[in-house]
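# Fold and contact review
Next come the chains, spelled out residue by residue.
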Amino acid sequence: MNKIIEVKHLKKNYGDKEVLKDINAVIEKGKVITVIGPSGSGKSTFLRCLNLLEKPTSGQVIFEGTELTDLKEEELDQLRQKMGMVFQSFNLFPNMSVIENVKLAPMKVKGMSDQEAGDLAHELLAKVGLDDFADHSPASLSGGQQQRVAIARALAMQPDMMLFDEPTSALDPEMVGEVLKTMQDLAQTGMTMVVVTHEMGFARKVADEVWFMADGYLLEQGSPDQVFDHPQSDRAKDFLAKIL
Ligand code: ADP
Ligand code: MG
């Protein structure tokens, strides 16, 4: 087994509130994990702990063999570059064109030349179906298109793994499909992905493993069929009964 990330006894408190309670998990390289569960169950906090955007209260996050919880901020920055993140809000830089948004981090952080970053950006924009929009401003794009640019921008750092936190939740319904399709295409390239989502069709279809979170616990981990068709916990049964 080729582990990319391992989480051991991860706990996160905000003040007295225990938001993550002893989470243990392993992600193998190339796998797609979808994370489901009621709102407030700790999904976003968990995702943010994976790249130490949020500092765990205790426990370990081991990414590509390195324990992140031990690292200094500069070392952490290096490793964080290998984990692309896409949020609900796309946050493209409004004063830059689409392609400038995609080129920025590779040039600034990786020291890529303008030419090299431009070639890479065109390639990635083509991959998300938006190369024709390279010179447009983000504001002239639909929400779905902007989110696809945000995905291209994250991929421009050539990460080893991608984290998505409800990437389609802020979109109008008719735009959800194009973003899910982009993510599905990415999954098929062998990218390791962790996707927090309320899109149950996607969660089931694209995942190698589905993780169900509730009340700060990772209550169920299994194949899509196991978790969706044979949930073990009452919490998961309740949740699935309400949404399916
Ligand atoms: P989910 O993504 O599953 O909806 P979150 O991880 O956002 O859940 O939140 C889990 C719990 O932690 C919620 O009760 C939320 O109010 C609380 N929480 C999240 N972030 C903070 C924070 N920065 N400070 C205090 N409480 C927080
Ligand atoms: Mg959340």
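What counts and how
- Residues numbered from 1 in each chain as written.
- Chains lettered and ligands numbered in written order.
- Predicted model: local features only at pLDDT ≥ 70, side-chain atom pairs only at ≥ 80, totals over all residues.
- Heavy atoms only, no water.
- Helix = DSSP H or I, 4+ residues; strand = E, 2+ residues; numbered from the N terminus.
- Rg over C-alpha atoms; globule rule 2.2 N^0.38 Å.
- Contact = heavy atoms within 4.5 Å.
- Areas by Shrake-Rupley, 256 points an atom, 1.4 Å probe, with all protein chains shown as cover.
- Lys, Arg positive; Asp, Glu negative; His and termini not counted.
- Charge placed at Lys NZ, Arg CZ, Asp CG, Glu CD.
- Pairing = 2+ DSSP bridges.
- Axes fitted to C-alpha atoms, helices over the stretch in contact; angles between N-to-C directions.
- UniProt positions renumbered as here; feature names shortened; annotations may be inferred.
- Phe/Tyr/Trp six-rings, centres within 6.5 Å; stacked < 30°, edge-to-face > 60°.
- Buried < 20%, exposed > 50% of the residue type's maximum accessible area, 1.4 Å probe, protein only.

Summing up its helical and strand segments, the protein chain has nine helices and ten strands in all. Relative to its length of 244 residues, the protein chain is compact, with a C-alpha radius of gyration of 18 Å against a globular reference of 18 Å. Expressed along its principal axes, the backbone C-alpha trace of the protein chain runs to roughly 50 × 45 × 35 Å. Long-range pairs, those at least 24 residues apart, make up 65% of the contacts in the protein chain with a sequence separation of at least 6. For the protein chain, the exposed surface amounts to about 11400 Å²; the carbon and sulfur share of it is 46%. In the protein chain, which carries 26 positive and 37 negative side-chain charges, the distance between the mean positions of the two groups comes to 4 Å.

It is worth spelling out the sheet that holds strand β10 (residues 217-222) at this point. With respect to topology, six strands assemble into an open sheet ordered β6-β7-β8-β3-β9-β10, the strand pairing being mixed. Two strands in the sheet have a free side with no partner beyond their single neighbour: β6 (83-86) and β10. The mean angle between the axes of side-by-side strands here comes to 15°, regardless of whether they run parallel or antiparallel. Sheet topology note: the strand β7 (residues 161-165)/strand β8 (residues 192-196) ladder contains five bridges and is parallel. Each bridged residue has a counterpart across the sheet, and for F164 the counterpart in β8 is V195. Strand contacts of helix α6 (residues 173-188): β3 (32-36), β7 and β8, with the helix running at about 150° to β8, the strand carrying the most contacts.

Here, UniProt's "domain: ABC transporter" (unreviewed entry) annotation points to residues 5-240. Spanning residues 5-240, this segment combines 38% helix with 26% strand, and its end C-alpha atoms are found 28 Å apart.

In the structure shown here, the tally under the stated rule is two aromatic pairs. For the pair F46 and W211, a centre-to-centre distance of 6.0 Å together with 50° between the ring planes defines the contact as tilted. Taken as a pair, F46 in helix α1 (residues 43-50) and W211 in strand β9 (residues 209-214) lie far apart in primary sequence, 165 residues in all. On the accessibility criterion, F46 (1% relative accessible area) is buried.

Before going further, it helps to examine the sheet that holds strand β1 (residues 3-14). The four strands are arranged β2-β1-β4-β5 in an open sheet whose pairing can be described as antiparallel. Looking at the sheet topology across the chains shown, the edges are occupied by β2 (17-28) and β5 (66-67). Looking at chain direction, β1 and β2 are connected through eight bridges and run antiparallel. Bridge assignment links E6 to a residue of β2, and that residue is V26.

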